[in-house]
Amino acid sequence: MNNNNEFMRIDRRSFLAGVSKLLGVSALSSILPSIVAASEVKDTLRIAIAKPAGDINPHKYTGLWGVQDLVFEPLVKYGHDGKIEPGLATEWSVEDGGRLLKLTLRKGVTFHDGTPFDAAAVEWNLKRWIGLEANNWMNSSRLYAGTDIVDDDHVNVRFKEPVLGLLQEFAYVRPVRLLSPKSVSGDGSYKAPVGTGPWHQATAGNEGSAFERFDAYWGDKPSFKYLEVKVLPDSRGRMAALRAGDVDLIGGAFVSPLTATEAETLKGAGIDVVIDPGTTTMIMAFNTSRVEALRDPKVRKAINLGIDRAAISQVLYRGLATSTGNLFSETVPYSGKRFDVPRRDTETAKSLLEEAGWVGGPVRQKDGKDLAIELVVSEEQVPGSRSVAEVIQSELQEIGVTLTIRSVDHASRHSDIPERKFDLAFFQTFGAPYEPFGTVVGLFLSTYDNGVDGKLFIDPEHLDPLVLAAMSAPEGEMEAALQKVYDWLHDNDAIAPLLFVPGIWAHAARVKGFQSPATEYDMPYENITLAE
Amino acid sequence: MFAFIAKRARNAVLLLFLASVLCFALVVSAPGNVAILIAELRTPTATKADIAKVEEELGLNKPLLERYGFWLNGAIHGDFGISYKTGEAVGASLKSRLAVTATLVAGGAVVAFLLSLFVGFVGALWAHRAPDVVTRGSALLGASTPSFFVGALLVYAFSVTWHVFPTFGFAGPVSWVLPWLTLGFLPAAVLSRVVRVGFEEAMAKPYVLTAMSKGLSRTSILVRDAIPNIAPTYLNALGTQIGTMVVGAVVVEPLFAWQGIGDLFLTGVRFRDFMVVQACLLVFITFFIILNVVVDICITLTDPRLRLQRS
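How each quantity is defined
Residues numbered from 1 in each chain as written. Chains lettered and ligands numbered in written order. Predicted model: local features only at pLDDT ≥ 70, side-chain atom pairs only at ≥ 80, totals over all residues. Helix = DSSP H or I, 4+ residues; strand = E, 2+ residues; numbered from the N terminus. Buried ≥ 20, exposed ≤ 12 C-beta atoms within 10 Å, placed from the backbone. Contact = placed C-beta atoms within 7 Å. pLDDT = per-residue confidence, 0-100. Domains from an automatic or database assignment. Nonpolar A, V, L, I, M, F, W, Y, C, P; charged D, E, K, R; others polar. Pairing = 2+ DSSP bridges.

A. Structural context of the overall build of chain A. The secondary structure content of chain A amounts to 16 helices and 21 strands. When its C-alpha atoms are laid out on the principal axes, chain A stretches across 100 × 70 × 45 Å. Here chain A holds 532 residues, and 50% of them are scored as buried. By sequence separation, contacts in chain A at least 24 residues apart represent 65% of the contacts at least 6 residues apart.

B. Structural context of the environment of Leu482(A). Residues and elements named next belong to chain A. Relative to the elements of secondary structure, Leu-482 occurs in helix H16 (residues 475–491). Each C-alpha atom of the pair Leu-482 and Gly-360 lies 40 Å from the other, and the pair is 122 residues apart in sequence. Each residue touching Leu-482, except ones within four places of it in the same chain, is listed here: Tyr-334, Gly-336, Pro-436, Val-440 and Ala-470.

C. Highlighting the confidence of the model for chain A. Residue and element names in this part refer to chain A. In this model, chain A carries a mean pLDDT of 90, and residues with pLDDT of at least 70 account for 92%. Within the model, pLDDT remains below 50 along residues 1–10, and this stretch shows one contact once partners closer than five positions in the same chain are excluded. Ignoring residues within four places in sequence, the model shows residues 30–36, a span with pLDDT below 50, making five contacts including any to other chains.

D. Representation of the domain arrangement of chain B within the structure. Residue and element names in this part refer to chain B. Entries for chain B in the domain assignment read domain 1 (2–90) and domain 2 (96–272 + 291–303). Placing the centre of domain 1 and that of domain 2 at their C-alpha centroids yields a distance of 35 Å. Taken together, the contact pairs 10 residues of domain 1 with six residues of domain 2. Within the residue set of the side of domain 1 that touches domain 2, elements represented by two or more residues are helix H1 (2–29) and helix H2 (34–42). In terms of residues, the side of domain 1 that touches domain 2 owes the most to one element, H1, which gives five residues. In the side of domain 1 that touches domain 2, the residues fall into seven nonpolar, one polar and two charged.

E. Structural detail: unusual backbone geometry. Residue and element names in this part refer to chain A. Note that the residue after Gly-361, namely Pro-362, is joined by a cis bond; omega there is -5°. For Pro-362, the position within the fold is in the loop between helix H11 (346–355) and strand E14 (365–366). Cis geometry marks the peptide bond from Glu-435 to Pro-436; its omega dihedral reads 0°. In this structure, Pro-436 sits in the loop between strand E18 (424–428) and helix H14 (437–444). The phi angle at Arg-420 is positive, at roughly 55°, despite the residue not being glycine.

F. Quick peek at the interface of chain A and chain B. At the junction of the two partners, chain A supplies 37 residues and chain B supplies 36 residues. For the side of chain A that touches chain B, the elements supplying multiple residues, two or more each, are helix H2 (12–41), helix H7 (235–244) and helix H13 (410–416) of chain A. Of the residues in the side of chain A that touches chain B, the class split is 14 nonpolar, 14 polar and nine charged.

G. Seen up close, the pairing of strand E19 (residues 495–507) of chain A. Residue and element names in this part refer to chain A. Most of E19 sits inside the fold, with 13 of its 13 residues counted as buried. Bridge analysis of strand E11 (residues 249–251) against E19 gives three bridges, and the strand direction is antiparallel. In the sheet register, Gly-251 faces E19, and the bridge partner there is Trp-505. Looking at chain direction, strand E12 (residues 272–286) and E19 are connected through 11 bridges and run antiparallel. When the bridges of E19 are listed, Ala-285 appears paired with Ile-495.

Pasting the structure below:
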């Protein structure tokens, strides 16, 4: 018994030695995989994403756009400045007054699983989304009439009526990109992300996803073999990871957003920051149906003149955003003639309010009522909008307008805005490739139900006819018809455009050849090479 | 003792029931309609009809009592429903993330335990001298510094500047160090004061004078006599701090990209994914309640007076 006790006894020396050995083995076990992984990192582009990629089925709306873009390709691509470029279709023509789309398919393309890409695959894919009720927000789906396979390399898609922005819609990420017909179960339900893109998914989880280069890719193959997207929900964490060399690329509105201040911080730390003018516009909306004062164009003009756009751009966006008086930036097709950016002019603003009958101070009154307005802000929906709201609040106070800021979360915004429970609210245009009609129809046509996005401004009597005319205008007259919409919005001070939201990316020094993507929905890996 | 444990267990069950009612009520009374978000996932421009369809499918248009009953019955059987955002079973998500949060909280608790004892002990050993002043100042600073700031500083120092630890990830002990330190730092600061003050009180007791008269050193008196005397107070404070660490996980997990329950809860709140929020709240509350019971039992075991009283 004594011997046994002797055997079981642990003295301080052996205890400490045991603990040291345990710690040593633990440390080694965690360092060894790092050493092995280091060789792979050299050939891997690591991109931070703000949330897990989710279900990237291209025919559903659940996945992260940028990740879907890695795996799945469109028939036609949306290039820089809105140019439609060949994708899986090498040639196309729109005939029969816009009712027929003729496509010539690229030869020699296969899906990641070896399934050939041909006319049958295109038809199979179209059947999974086009003409379905859930996709009726797209003109091509709503007006779809049928598909005819001419031969293995040619497909014709028919429509009941001419489709506005047809080729742009075919360049969207979802639900139009092409999935392998063999990547579904017997009942047709989606099984795995198998596309024709340069990357095929190796693993996916809550921590991120890993992709391997598809060596049988038809186009220019990426120069590196692996690509990883790593989930980093916190923007400070993303910045630290980039600075420490744990990721190579961050940024983009939907990939891993960076604010202007964060971009400046990274720049100050010697990180390469790329600023793209962007294709979305931040706009303040007036709800004339809720606030009587806002029905008067003079009040709207006064508010427009009360805002110091240059200061907002310089201070809050560190000079990275361009202030504007236009609905769209020049990078958007048919964006119209340039209007002058409204300059802050408090004296004119005050005179306009006087003319409109709002007098006195410090808060102006009319018929015993204060000129008090509420501004709805959702930081999640429009990043940076809270700070912009606070600046506008103090600026409008100077002209005698009391502004109350109501901050809401994503869910509340998506119920309040469509129900028009706001006086003023921030909106963002949809950006490429959805413009100009995505915004013009979606945010201004009163009869078009665009669900949770709500309406920026509605006037069934004056604005709707102009929007409808632009929608039905032939190609040659479209620009002029759209200009009439822009002119009306501008002349009536119907909206308060503030600034073009910049696309911000930052990358490690080993990333060479980075170019901003054509749209915020794409992943910018194409021209990248990795230095040693 | 058994009667005491049985009584505490009964109270815990009652508390859990009340808590479940409260968290259900809190979630459903929040503004905003979740059906809109789900409908938006299905089609980007969901119409009123689409939203109504979602409400019907998920029973969101049913009376609250019916919805609560349905949810509670499922929860008891481990079925927390389906996430409105991802479509995945909430129970499976909780299961896969439980180990991550448990690792974080356990590590944070160990850091808090060791650091607080060390700092408190140093302060008591050199009471009212320079080490005491320094540790007291550090504790005040630590208790006033929020976790996200501590985390950012640690990442900046150990990852960005010295490249010792990775900035994020859950990949082995090296990647656990910074999150553990971040989570354990604030509780350690608070607990070190409990230790220090406890020691001061204990050292003023007559038995210390007796021990000193026997020729025992200050260190051995602290270890042999003072520690058992401050144990009940310390355990009580430690329990509370471990409880707050679960809340701290909500901040620390996203900072280090750990996919734990804290991260799941935060994502759920953002999306108004109330199946996830309810389940996470229930897990948090259950943890608090169990922790309280365990701490109560531990205190009773370490304090002979309580042991006598409760038996």
